[in-house]
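Residues per chain are reported as follows:
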Amino acid sequence: MKIRRITAAATAVALAAALAACAPPEDEDGGDGDGNGGNADTSITVGWNQPFYSYNSDTSNGNATANSIILYLMNSGLNYYDANQELIADESFGSYELLSEDPLTVEYTIADGVEWSDGTPVDASDLLLAWAAGSGVVNTVEADAVERDESNYPVLDDGAVFFDSSSAGLGFTDIPEISEDGKSLTLTYSEPFADWEVQLDVGVPAHVTAMQALDIEDPQEAKDALVDAITTEDAAALSPIANFWNSGYDFTELPDDPSLYLSNGAYVLTDMVDGQYATLEANDGYTGERPAGIETVTVSWNEDPNAQVQQLENGEVDLMGPQATTDIVDALGGIDGVELETGVEGTYEHLDLVFNNGGPFDPATYGGDEATALAVRQAFLTALPRQDIIDRLIAPLQDGAEVRDSQLITPGAPGYDEIIADNGSDQYSESDPAAAQAILAEAGVTAPIDVRTMFAADNVRRDNIFNIIQPVLAEAGFNLVDARNADWGSKLGDGTYDAVYFGWQSTSTAVTESQATFGTGGLNNLNGFSDPEVDALFDQLAVTTDEDEQIDIQTQIDTILFDAAYGLTLFQFPSVAAWNTDRLEGVEPAPLNPTIFYGYWNWSVPE
Amino acid sequence: MFMFLTRRLLTSALVVLISTLVMYVLVSIAIDPLEDLRASTDPNKEALIASRTNALDLNTPVLLRYLDWLSGIPRGYLGVNWQTNQQVTELLSGAVTTTLQLVTVAALLAIMLGVFVGIVSALRQYSGFDYSLTLLSFLLYSLPTFWVAVLLKQFLAIEFNNFLDEPGIAWWFYVVVILASGIVTMAAVGGTARKRLQVFGIAAGAGLVAVAYMDLTDFFVTPGLGIIMVAVLGIAIAVGVTGLSTGLGDRRSLYAALTVAVLGVVLYYPMLYVWYYIEVNWLIIIGLGVLTVLVGLGVGLVWGGPDKWTVARTAALTAVPVAMLLFVDRLLSSWDSFVDNGLIRGRPISTSGRRTPNFDEGFWLNTLDLFGHLLLPTVTLVLISFASYSRYSRASTLEVLNQDYMRTARAKGLTERTVIMRHAFRNALIPLASIVPVDIITLVGGAVITERIFGWRGMGFLFADSLEKNIIDPVMAYLLIVAILAVVANFVADLMYAVLDPRIRVNA
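Just so it is clear, the model here is predicted, and its values are computed rather than measured.

Caption draft 1: Quick look at the overall build of chain A. Looking only at helices and strands, one finds 17 helices and 16 strands in chain A. A principal-axis box enclosing the C-alpha atoms of chain A has dimensions of 115 × 70 × 50 Å. Out of the 607 residues in chain A, the part that is buried amounts to 58%. Taking all contacts inside chain A whose residues are at least 6 apart in sequence as the whole, residues at least 24 apart take part in 68%. Per element, the accessible surface of chain A, about 23,600 Å² overall, is 45% carbon and sulfur. Of the charged side chains in chain A, 17 are positive and 107 negative; the average position of the first set lies 17 Å away from that of the second.

Caption draft 2: How the structure looks around the interface of chain A and chain B. Taken together, the contacts link 78 residues of chain A with 69 residues of chain B. Together, the buried faces of chain A and chain B total about 6,300 Å²; carbon and sulfur atoms form 48% of this surface. Counting the surface chain A buries against chain B, the share from its top three residues, Glu150, Gln310 and Asn314 of chain A, is 11%. Between chain A and chain B we count four salt bridges in total. A salt bridge links arginine 457 of chain B to glutamate 303 of chain A, with the nearest nitrogen and oxygen atoms 3.0 Å apart. Taken together, chain A and chain B are joined by 31 residue pairs in polar contact (both at pLDDT 80 or more). Sorting the residues of the side of chain A that touches chain B by element identifies helix H1 (2-21), strand E8 (267-273), strand E9 (277-282), strand E10 (296-301), helix H7 (305-313), helix H14 (488-491) and strand E15 (499-504) of chain A as the ones contributing at least two each. Within the side of chain A that touches chain B, the residues separate by chemical class into 27 nonpolar, 31 polar and 20 charged.

Caption draft 3: Here's a closer look at the side chain of glutamine 50 of chain A. Relative to the helices and strands, glutamine 50 of chain A resides in the loop between strand E1 (43-48) and helix H2 (65-74). Relative accessible area serves as the criterion here: at 17%, glutamine 50 of chain A is assigned to the buried category. Ignoring any residue separated from it by four or fewer positions in sequence, one finds glutamine 50 of chain A in contact with Ala66, Trp301 and Glu303 of chain A together with Gln83 and Lys469 of chain B.

Caption draft 4: Inspection of the domain arrangement of chain A at higher detail. Residues and elements named next belong to chain A. Along its sequence, chain A is organised into domain 1 (3-75 + 259-344 + 575-602), domain 2 (94-247) and domain 3 (346-573). Contacts between the two partners involve 16 residues from domain 1, matched on the other side by 21 residues from domain 2. Each partner contributes to the roughly 1,400 Å² buried at the junction of domain 1 and domain 2, and carbon and sulfur atoms together form 51% of this total. Contact with domain 2 buries surface across domain 1, with Asp58, Leu262 and Asn264 losing the most and accounting together for 36% of the total.

Caption draft 5: Geometry of the sheet that holds strand E6 (residues 177-178) of chain A. Residues and elements named next belong to chain A. The four strands lie next to each other as E4-E5-E7-E6, forming an open sheet whose pairing is antiparallel. This sheet does not close on itself; its edge strands, each paired only once, are strand E4 (94-101) and E6. Relative to strand E7 (residues 184-188), strand E5 (residues 104-110) runs antiparallel, the two sharing five bridges. Directly across from glutamate 107, in E7, lies its bridge partner threonine 186. Across the sheet, helix H3 (residues 124-135) touches E5, E6 and E7, and the angle it forms with E7 is around 30°.

Caption draft 6: Inspection of the nonpolar core at higher detail. Residues and elements named next belong to chain A. Membership of the largest hydrophobic core comes to 92 residues, with the highest contact counts inside it found for Tyr55, Phe163, Phe597 and Trp603. Sorting elements by how many residues they give to this core places H3 first, with eight residues. Counting only domains with at least three residues in this core, you end up with domain 1 (3-75 + 259-344 + 575-602) and domain 2 (94-247). Listed in part, the 38 residues of the second largest apolar core include Leu381, Ala401, Ala436 and Phe455.

Caption draft 7: Layout of the sheet that holds strand E13 (residues 449-454) of chain A. Residues and elements named next belong to chain A. With mixed pairing, the 10 strands of this open sheet are ordered in space as E8-E9-E10-E1-E11-E16-E12-E15-E13-E14. Either end of the sheet is taken by a strand with one partner, and the two such strands are E8 and strand E14 (478-482). Bridging between strand E11 (residues 319-320) and strand E16 (residues 567-580) involves two bridges; their strand directions are antiparallel. From the neighbouring strand, leucine 319 faces E16, where its bridge partner is tryptophan 579. Helix H8 (residues 326-333) rests against E11, strand E12 (338-353) and E16 of the sheet, and its axis sits at about 165° to E12.

Caption draft 8: Highlighting unusual backbone geometry. Cis peptide bonds are those with omega within 30 degrees of zero, and the linkage from aspartate 102 of chain A to proline 103 of chain A qualifies with -5°. When you line up the elements, proline 103 of chain A lands in the loop between E4 and E5. The residue after asparagine 593 of chain A, namely proline 594 of chain A, is reached through a cis peptide bond having omega 10°. Non-glycine residue asparagine 85 of chain B carries a positive phi angle of around 60°.

Caption draft 9: A look at a negative patch on the surface. Residues and elements named next belong to chain A. A cluster of acidic residues, Glu86, Glu101, Asp102, Glu402, Asp417, Glu418, Asp422, Asp546, Glu547, Asp548, Glu549 and Asp552, forms a negative patch on the protein surface. Breaking the negative patch down by element, the ones donating at least two residues are helix H11 (416-422) and helix H17 (547-563). Among the elements that line the negative patch, the one with the most residues is H17, at four residues. On the accessibility criterion, glutamate 549 (46% relative accessible area) is partly exposed.

Caption draft 10: Structural view of the pairing of E12 of chain A. All names here are of chain A. A large share of E12 lies buried, amounting to 13 of its 16 residues. Where E12 and E16 come together, 12 bridges link them in antiparallel fashion. What sits directly across from leucine 340, in E16, is alanine 578. As paired elements, E12 and E15 share six bridges and run antiparallel to each other. Counted as the bridge partner of aspartate 352 is valine 500 from E15.

Caption draft 11: Main features of the pattern of salt bridges. Taken as a whole and judged by the stated rule, the model has 23 salt bridges over all chains. With a closest N to O distance of 3.2 Å, arginine 148 of chain A and aspartate 164 of chain A form a salt bridge. With a gap of 16 residues between them, arginine 148 of chain A in the loop between H3 and E6 and aspartate 164 of chain A in the loop between H3 and E6 connect regions that are remote in the sequence. Here the two residues arginine 148 of chain A and aspartate 164 of chain A agree in accessibility, since each one is buried. Linking glutamate 468 of chain B and arginine 452 of chain B is a salt bridge whose minimum nitrogen-to-oxygen distance equals 3.8 Å. Linking glutamate 468 of chain B in helix H21 (residues 459-468) with arginine 452 of chain B in helix H20 (residues 448-453), this pair joins segments that are 16 residues apart in sequence. A single network of salt bridges, built from pairs that share partners, joins Glu303 of chain A together with Arg457, Asp465 and Lys469 of chain B.

Caption draft 12: Main features of the confidence of the model for chain B. In the predicted model, chain B carries a mean pLDDT of 89, and the fraction of residues at 70 or more is 99%. Note on the complex model: pTM 0.88, ipTM 0.89.

Caption draft 13: Inspection of the packing of aromatic side chains at higher detail. For the coordinates displayed, the defined rule picks out 48 aromatic pairs over all chains. Taking the centre distance of 5.4 Å and the plane angle of 80° together, the rings of tyrosine 598 of chain A and tryptophan 601 of chain A count as edge-to-face. Grouping residues by exposure puts tyrosine 598 of chain A and tryptophan 601 of chain A together as buried. Seen from their ring centres, tyrosine 255 of chain B and tryptophan 303 of chain B are 5.6 Å apart, and the 45° between their planes marks the pair as tilted. With tyrosine 255 of chain B in helix H11 (residues 251-266) and tryptophan 303 of chain B in helix H13 (residues 282-303), the pair connects residues that are 48 residues apart, well separated along the chain.

Caption draft 14: Broad picture of the packing of H13 of chain B against helix H14 (residues 308-332) of chain B. Residues and elements named next belong to chain B. The contact between H13 and H14 brings their axes to 7 Å, and the two run at 145°. Crossing geometry of H13 relative to H14 is assigned as right-handed. Along its contact with H13, which presents Trp282, Ile285, Thr292, Val293, Gly296, Leu297, Gly300, Leu301 and Trp303, the element H14 presents Lys308, Trp309, Val311, Ala312, Arg313, Ala315, Ala316, Ala319, Val320, Ala323 and Phe327. In terms of residue class, the contact of H13 with H14 is built from 15 nonpolar, three polar and two charged.

What counts, and at which threshold
Residues numbered from 1 in each chain as written. Chains lettered and ligands numbered in written order. Predicted model: local features only at pLDDT ≥ 70, side-chain atom pairs only at ≥ 80, totals over all residues. Heavy atoms only, no water. Helix = DSSP H or I, 4+ residues; strand = E, 2+ residues; numbered from the N terminus. Buried < 20%, exposed > 50% of the residue type's maximum accessible area, 1.4 Å probe, protein only. Contact = heavy atoms within 4.5 Å. Areas by Shrake-Rupley, 256 points an atom, 1.4 Å probe, with all protein chains shown as cover. Lys, Arg positive; Asp, Glu negative; His and termini not counted. Charge placed at Lys NZ, Arg CZ, Asp CG, Glu CD. Buried area = accessible area lost by both parts, 1.4 Å probe. Salt bridge = Lys/Arg side-chain N within 4 Å of Asp/Glu carboxyl O. Polar contact = N/O pair within 3.5 Å; in protein donor to acceptor, adjacent residues only side chain to side chain. Nonpolar A, V, L, I, M, F, W, Y, C, P; charged D, E, K, R; others polar. Domains from an automatic or database assignment. Pairing = 2+ DSSP bridges. Axes fitted to C-alpha atoms, helices over the stretch in contact; angles between N-to-C directions. Core = buried A, V, L, I, M, F, W, Y, C linked by side-chain atoms within 4.5 Å. Patch = residues over 30% accessible without salt bridge, like charges linked within 9 Å, V, L, I, M, F, W, Y side chains within 5 Å. pLDDT = per-residue confidence, 0-100. Phe/Tyr/Trp six-rings, centres within 6.5 Å; stacked < 30°, edge-to-face > 60°. Left-handed = near helix turned anticlockwise from the far one by under 90°.

What follows is the structure, given as structure tokens:
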């Protein structure tokens, strides 16, 4: 028995050894591909915090920076904001012309040779679809009456039409006219509109929308059907179009159907893995003036800014633009070979005083005595140490940090310097508790005055602001009562506080944006401020299309706001961009969306 | 038994139902779906608020919304992420896969390491080794995940990748390795002063040889084992496994194990053929693993003897690590082309994510990439969770060691190996049977912090991210699943305990 077993084992070993004898000594990496990963040296990876989820960023849900940054690389447009927030027209894509001021008539013309990446020309039908969706003129259902299905999309039964759009402003327009050659579209407003320049641009491709919605094979035929449906307000055809427009372009990984992610700009989408990354490659068919600077741009998603910093240090990302906090800026500053650029964001911090809650700033408290209430407000703002806040909280994060001195215009934007020279903001340029005391004494108000101050409870920076302003205001005779609240957002405007500071988010430089904040009864008017002169000026501003006149009116409004001691703007949120200088140069972050992606056509790989 | 099951199921269902209600109300209070619109200056703000309020039924009382949510469950509808319009069921399936990929290896490693350390620690109770391990496990147990993660990223990824750029082992590293391997092994083995000295000498020598080998062969640039290392390690494994499993005195087992090791060495070159000609994937690797076990069993049975299944078990236990040596060797031979790849650029260890974007270079390189991404989160999870296992197994081993039957076993002259491995080890594992199922099943719930820091979009990430973005449906789906799993896990643990320990009976 034993011998047989040993023989068997020996035979097995011998057999294997025989096999081994004919084996090759080396056998490296068979079938492993070229191992070079394509054009690796003209590729970069950009870190971003939230994954892409919709190709249609004009829907109420799709309207998010997560989508618009990717689309910014993929799709061109009639105009864009530069790093100084100036609106630049891209003539290589198309042009627009003001035909008449009254009635306001604009003619849009798409340039020749501009094509979607499937070869279909971009033309007026694409603009028409964007108009139909944005204006809501062809909708047959109201926004707050819409039923939604289990995927959160509007239910459109029986030929109902509802474009679930996020835009506003096009509502005052009639159905546009399209020229014979299909390249131009003429839009007429029923009343003048100051921000007409940024109201209409090409969104999702019209031909794809109509082909998918109406089951048409030929792109041109599909466009014709779409133009027909909109111009005749044919609800039966518009219903599926709206339905597809609302829901058809949502995806979180690369769809099987390439028509769902066409480009008309510098980059085409070539890959997208759910929650991980999207890859964009230079669009060979793009002929415009903003071509891809880097061959391949990969956007890699990570929600944690600290993790992103370490990714940058480890070479996993080459460019990132996190929210600026002391930790992040310090960490970034400590990495070799990384360039840091600080700047500002669209959001700005401001402090408002409440006019209508029976508190210390409300005339009603003094028996309707406007002058006393004004004096109390002025005293409060005179003592407010704005420069201190900047020096201690913002200057460490941002080079050349400064106080924002205008309620209406962002620092650095066109007209800012002119406005702050005349708007009376200089009366609050320095904190002066003694002067504040004097104002209170003159008004005959006895200190200390309790001021319930609300701010976000779980926010370190706002907590620090409170700690800075409290002692200075105490010196001036104001006792700041800490009314911090985690739920501050929903408490805004409920009258339970006398002063509040938070950030307004601004996504464009549209001049009409501020009316809701300062106009009587406006949606964002949370402190009961009301001034007929301001209301009149805003009405005038809304219909003023000349830029110099706009600035003139804005200065007048700003002056009234400062004179009325409405409150004070504090600072623009600091932003930071950091990139690996070995891998990338030419980065020029912009304050507004698309922030770090602005100027991708200037990006290049250092020699 | 039937009554027990029924009663248990009914109470469990009730527990789950009530907890979802409580959680739904609490989450509704905590989140504010309109948060992002409140500070917006969008001219269209009013319409957006109205539309969202309408879409999310925010004006409906929370209890009615809860019932609405509950009514979807029987149909398999768990709601929708209203920001991206993704179905929660789809989100969950992706998240569960991600989580399992992340935590499975870490959990197995933590259990094995924890049990091993715990038992050794118990056997050397109140020695310096025991105290050091106690200190270490409490230290690791109390470390915050986010902090460990950041440190690991800095040293194990960034600094290590920098080191790979110009690899060279400093003299102090030699000293540290020699002392560490010598002292730790000496303390763990224990014994008389003379024996300690011997053990120290052997372990320190082994450490020196290992480091010198790495240094001289440029291991960090061109890592690999080669047939020589496979042979040395294979024989060491054979001896080690036999020693623990049946004892070296059992010659049949030893020969069987050695045969398996030699077979592995002999197959070294033929396997290179196999890797070359076969389009490898994980299915094939698992198939080869099963084959390996069968071959091991076969070899054991051929050696046979009166207790041939014991021999077969030893041979199979040897076969698996030997086969893994061959796999690792093949994997490491791709290291060069992996590190030089244009997307890796000499930095193989990643700090974040599941894979390198756009990296698709075949099985071996993709596997290296996966390991490069798994390394840090796995180390983090193991460091933090192995401590508790080592505590449990230490305590239970100590309890078992004081039992009467241990004294009986020793008294009747059994070898120390048999006493420890057969009488102490097995019984010491019984209490773990009530902990491990709970841990493993709740793993599906994910590791909230680890997943977030390492950018793995698993269950924990889904929960934390949705909560932060004020989206209730994924949060509730997560809580529902975790609640069900917790109930199931406890149930399984109870049953397992009853099966393993005849003293416990499940009664109605």
